[in-house]
Amino acid sequence: MILQRLEHLFGAAADPGQAAPMRAYMRDRFEFLGIPSVPRRELTLDVLRGRPRPSEPELLATARACWELPEREYQYFACDYLRRHAKVLTPAAVPVLRELITTRSWWDTVDTLASNVVGPLVLAHPECVSTMDAWTAAGTDLWLVRTAILHQLRYGERTDRARLFDYCDRWSGERDFFIRKGIGWALRQYARTDPAGVRAFVGTHPGLSPLSVREALKHLG
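Read on for an overview of the structure.

About the thresholds
Residues numbered from 1 in each chain as written. Predicted model: local features only at pLDDT ≥ 70, side-chain atom pairs only at ≥ 80, totals over all residues. Heavy atoms only, no water. Phe/Tyr/Trp six-rings, centres within 6.5 Å; stacked < 30°, edge-to-face > 60°. Helix = DSSP H or I, 4+ residues; strand = E, 2+ residues; numbered from the N terminus. Axes fitted to C-alpha atoms, helices over the stretch in contact; angles between N-to-C directions. Parallel < 35°, antiparallel > 145°, perpendicular 65-115°, else oblique. Contact = heavy atoms within 4.5 Å. Nonpolar A, V, L, I, M, F, W, Y, C, P; charged D, E, K, R; others polar. Salt bridge = Lys/Arg side-chain N within 4 Å of Asp/Glu carboxyl O. Buried < 20%, exposed > 50% of the residue type's maximum accessible area, 1.4 Å probe, protein only. Core = buried A, V, L, I, M, F, W, Y, C linked by side-chain atoms within 4.5 Å.

1. Quick notes on the packing of aromatic side chains
Here is step 1: Applying the stated criterion across every chain, the model contains 10 aromatic pairs.
Here is step 2: Between Phe10 and Tyr74, the aromatic rings sit 5.7 Å apart at their centres with planes inclined by 20°, giving stacked as the arrangement. Placement of the pair is Phe10 in helix H1 (residues 2-12) and Tyr74 in helix H5 (residues 72-84), with a sequence separation of 64 residues.
Here is step 3: Residues Phe10 and Phe77 carry aromatic rings whose centres are separated by 6.2 Å and whose planes lie at 85° to one another, so their mutual orientation is edge-to-face.

So this is what it looks like as structure tokens:
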């Protein structure tokens, strides 16, 4: 079973000396085994080596099981596993992805899920766009809002410009740091494709926070 192999290899590589600063970096929100990113990714390849492509239920079940384990590296594995096999996901995965985004939530897992899992899912299944609209509705969990704002991060010329700008405008007055930062990041990334469009949007939306504006225009001079 993949989870048994995962716990065995990750557990053997645990380093308490590394775990303490990693936990502190994440503001003591999570426990860590103490496996830095490079060796963790190498271990992930070892765990997955020789395994066939999972079915959607198998993939989601493994991700949920990883979310129930206390150490953060297991959630990182789940994110990498979902990213690796994002093409097997269908709209049926949305409730589980929502659960992962809103449970043990922090930028490290949410951002990976947003741009590398939810994004490809929405691009492959346009009917999921309505879910992104719902996630940006008033009163929604802010991590879902950030996910919706960032889900087009890797779309480039396929970005739905009107929807991106609408989400950023709708949440421009939000005081939460991660929403403001997310707006700036999404606009900065889209500026690689449409710099004039981003400049125009920023120039006509004085309600954007200074952080969002600074991030959006970071590479535009």
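2. Description of the packing of helix H9 (residues 142-150) against helix H11 (residues 177-190)
Here is step 1: Closest axis-to-axis distance for the H9/H11 pair is 9 Å, and the angle between their directions is 5°. With respect to H11, the axis of H9 lies roughly parallel. Across the interface between the two elements, Leu142, Trp143, Val145, Arg146, Ile149 and Leu150 from H9 touch Phe178, Ile179, Lys181, Gly182, Ile183, Trp185 and Ala186 from H11.
Here is step 2: Classifying every residue of the contact of H9 with H11 by side-chain character gives 10 nonpolar, 1 polar and 2 charged.

3. Points about the pattern of salt bridges
Here is step 1: Using the criterion set out here, one finds 13 salt bridges in the structure.
Here is step 2: Between Arg163 and Asp160 there is a salt bridge whose closest N-O contact spans 2.7 Å.
Here is step 3: You can call Arg163 partly exposed: its relative accessible area is 23%.
Here is step 4: On the basis of relative accessible area, Asp160 is assigned to the partly exposed category, the value being 30%.
Here is step 5: Residues joined in a network through salt bridges with shared partners are Arg23, Asp28 and Glu31.

4. Some thoughts on the nonpolar core
Here is step 1: Residues Phe77, Leu82, Leu89 and Leu97 are the most contacted members of the largest nonpolar core, which totals 73 residues.
Here is step 2: Each residue touching Leu82, except ones within four places of it in the same chain, is listed here: Leu59, Leu60, Ala63, Leu89, Leu97, Leu100, Leu113 and Val117.

5. Considering unusual backbone geometry
Here is step 1: For Arg27, which is not glycine, the phi torsion reads 60° and is therefore positive.
Here is step 2: Residue position: Arg27 is located in the loop between helix H2 (16-25) and helix H3 (37-48).
Here is step 3: A positive phi angle, close to 50°, is found at Arg104, a residue other than glycine.
Here is step 4: Mapped onto the fold, Arg104 is located in the loop between helix H6 (94-102) and helix H7 (107-124).

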